[in-house]
Amino acid sequence: MSGSSPTPPGRTAPTSLSIEGLRVVWPGRDEGADVAALGGVSLTVPAGGAVAVAGESGSGKSTLVACVLGLLDRRRARVEGRVEVFGTDVLRASDRELAALRGRRVGYVGQLFHAAFDPLFTVGSQLAEAHRAHAPAAATDGAVAEALRLAGLDAGPDLLRLRPHEMSGGMLQRAQVAAAILHRPDLLVLDEPTAALDALRRREFATLVAELRARTGAAVLLATHDLGLAARLADRVVVLHRGRVAAAGTAAEVLGSPPDGQARALVEAWRRTAGGGGEAPGGAA
Ligand SMILES: Nc1ncnc2c1ncn2[C@@H]1O[C@H](COP(=O)(O)OP(=O)(O)OP(=O)(O)O)[C@@H](O)[C@H]1O
Ligand SMILES: [Mg+2]
């Protein structure tokens, strides 16, 4: 799978991701009060497992994702706690260690497919460049074709010559998935990956990620307010409310019979809206 690893040879990391007591405080804007985006969150994603972090807008999901990717703006945010990704302490790692982790062992898919690619260059050339950054050029064509195939895109020469604006939203998202899996990461981090997709594409995306997990064994951390997607993709769901864990358990437990309080309010709101439309909570877990 990936090349060099911070885990010593012969010792397998039992977890992909471990977060302990993570606190993040953002300075208030315009001299307003500071914002405690995360108030002591702990969670674990086992190797090969899938965990969804669900919660309303502003509950701290993207802040948590930024910490996992080592992308939190440390000059502005105050951070406490520990985040370990395959044994690397990402809150204290060097830029070089983080770049290696993100390039190889951790793949990221976000909400803004268009922002993931430079509009001036073909998608094929950008995938090739991303591959060559961490692997020998001789393997690039094969790796790009394989990643596109796994992402559900026919990697013909015509596709590789398209620029981002010549692709549909669904195609671009699959291209972003291809970029994320170029180096066969052991952990895929998905932050609101379906927010810009229609209902059919959302379902297709859930199927795609399930297939990727089955084929590559990658673990998944999904941040979403779409509880249907969480139920379909994740083994476990952690519900965040104002930066704290309001509920945690299997998808069936949390979405089927949520505890009182904010987690229940979130599930009931989801059931009332189209987002809940017909999908049995925890049915696909
Ligand atoms: N760069 C930042 N500077 C200041 N405050 C921030 C910053 N990023 C996030 N916040 C604040 O931290 C809190 C959590 O935001 P975050 O983006 O993590 O939530 P989220 O759950 O991802 O929301 P959404 O569903 O809208 O994406 C919010 O109150 C937000 O305003
Ligand atoms: Mg967010």
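Residues numbered from 1 in each chain as written. Chains lettered and ligands numbered in written order. Predicted model: local features only at pLDDT ≥ 70, side-chain atom pairs only at ≥ 80, totals over all residues.

Scanning the protein for helices and strands turns up 10 helices and 10 strands. Here the protein has a C-alpha radius of gyration of 19 Å; the compact-globule value for 285 residues is 19 Å, and the two agree. Dimensions along the principal axes, computed over C-alpha positions, put the protein at roughly 55 × 45 × 45 Å. Among the 285 residues that make up the protein, the fraction classed as buried is 42%. Sequence-distant contacts, at least 24 apart, represent 69% of the contacts inside the protein between residues at least 6 apart. (Helix = DSSP H or I, 4+ residues; strand = E, 2+ residues; numbered from the N terminus. Rg over C-alpha atoms; globule rule 2.2 N^0.38 Å. Buried ≥ 20, exposed ≤ 12 C-beta atoms within 10 Å, placed from the backbone. Contact = placed C-beta atoms within 7 Å.)

Next up on the list: the site of ligand 1. If you check the shell around ligand 1, you find Trp26, Val35, Ala37, Gly55, Ser57, Gly58, Ser59, Gly60, Lys61, Ser62, Thr63 and His225 and nothing else. Within the residue set of the shell around ligand 1, elements represented by two or more residues are β2 (35-46) and α1 (61-68). Ranked by residue count, the leading element in the shell around ligand 1 is α1, at 3 residues. Of the residues that constitute the shell around ligand 1, the class distribution is 3 nonpolar, 8 polar and 1 charged. (Near = placed C-beta within 6 Å. Nonpolar A, V, L, I, M, F, W, Y, C, P; charged D, E, K, R; others polar.)

The next point concerns the pairing of strand β4 (residues 78-85). Side-chain direction in a regular strand flips from residue to residue, so the side chains alternate between the two faces of the sheet. Pairing of strand β1 (residues 15-26) with β4, which is carried by 7 bridges, proceeds in the antiparallel orientation. When the bridges of β4 are listed, Ser18 appears paired with Glu84. Alignment of β4 against strand β5 (residues 88-89), held across 2 bridges, turns out to be antiparallel. Within β5, the residue paired with Val85 across the bridge is Thr88. (Pairing = 2+ DSSP bridges.)

Moving on, we get to the sheet that holds β1. Taken in spatial order, the 4 strands of this open sheet run β2-β1-β4-β5, and their pairing is antiparallel. A single partner strand is all that each edge strand has here, and the edge strands are β2 and β5. With respect to the sheet, α1 is in contact with β1, β2 and β4, its orientation differing from that of β1 by roughly 120 degrees. (Axes fitted to C-alpha atoms, helices over the stretch in contact; angles between N-to-C directions.)

So, on to the environment of Ala135. For Ala135, the location among the structural elements is in the loop between α3 (123-132) and α4 (140-150). Look at Ala135 and you get partly exposed, because 16 C-beta atoms sit within 10 Å. When neighbours within four sequence positions are excluded, Ala135 is seen to be in contact with Ala143 and His183.

For strand β7 (residues 187-191), a buried count of 5 out of 5 residues is recorded, marking the element as mostly surrounded by other parts of the structure. The alternating pattern of β7 places Leu187, Val189 and Asp191 and Leu188 and Leu190 on opposite faces, both of which are buried. Across 4 bridges, strand β6 (residues 106-109) lies against β7 in parallel orientation. When the sheet's bridge partners are listed, Val109 is paired in β7 with Leu190. Of the strand pairs in this sheet, β7 and strand β8 (residues 219-224) are connected by 5 bridges, and their pairing is parallel. Following the sheet pairing, Leu188 is matched in β8 by Val220. The parallel pair β7 and β8 is bridged by helix α7 (residues 199-216), and the resulting crossover is right-handed. (Right-handed = clockwise from strand over helix to strand, strands pointing away.)

Among the 8 residues that make up α1, 6 are buried, leaving the element largely enclosed by the rest of the structure. Listed in full, the buried residues belonging to α1 are Lys61, Thr63, Leu64, Val65, Cys67 and Val68.

Here the focus is the confidence of the model for the protein. Averaged over every residue, the pLDDT of the protein is 87; residues scoring 70 or more account for 91%. Per-residue pLDDT stays below 50 along residues 1-5; that stretch engages in 9 contacts with residues further than four places along the chain or on separate chains. Between residues 277-285, whose pLDDT stays under 50, and residues either more than four places distant or in other chains, the model counts 21 contacts. (pLDDT = per-residue confidence, 0-100.)

We now examine the sheet that holds strand β9 (residues 236-241). Read from one edge to the other, the open sheet built from 6 strands follows the order β6-β7-β8-β3-β9-β10, with strand pairing classed as mixed. Two strands in the sheet have a free side with no partner beyond their single neighbour: β6 and β10 (244-250). Between one strand axis and the next, the sheet turns by 15 degrees as a mean value, whatever way the strands run.

On to unusual backbone geometry, then. Here the phi dihedral of Asp30 falls at roughly 50 degrees; this positive angle occurs in a residue that is not glycine. Structurally, Asp30 can be placed in the loop between β1 and β2.

What follows concerns the packing of α3 against α4. Helix-helix packing: each pair is described by the crossing angle between the helix axes and the interaxial distance. Remark: α3 packs on α4, axes separated minimally by 9 Å, with the N-to-C direction vectors making an angle of 115 degrees. Helix-helix and strand crossings are classified by hand; for α3 and α4 the assignment is right-handed. For the pair formed by α3 and α4, the contact residues are Gly124, Leu127, Ala128, His131 and Arg132 on the first element and Thr140, Ala143, Val144 and Ala147 on the second. Looking at the contact of α3 with α4, its residues break down into 5 nonpolar, 3 polar and 1 charged. (Left-handed = near helix turned anticlockwise from the far one by under 90°.)

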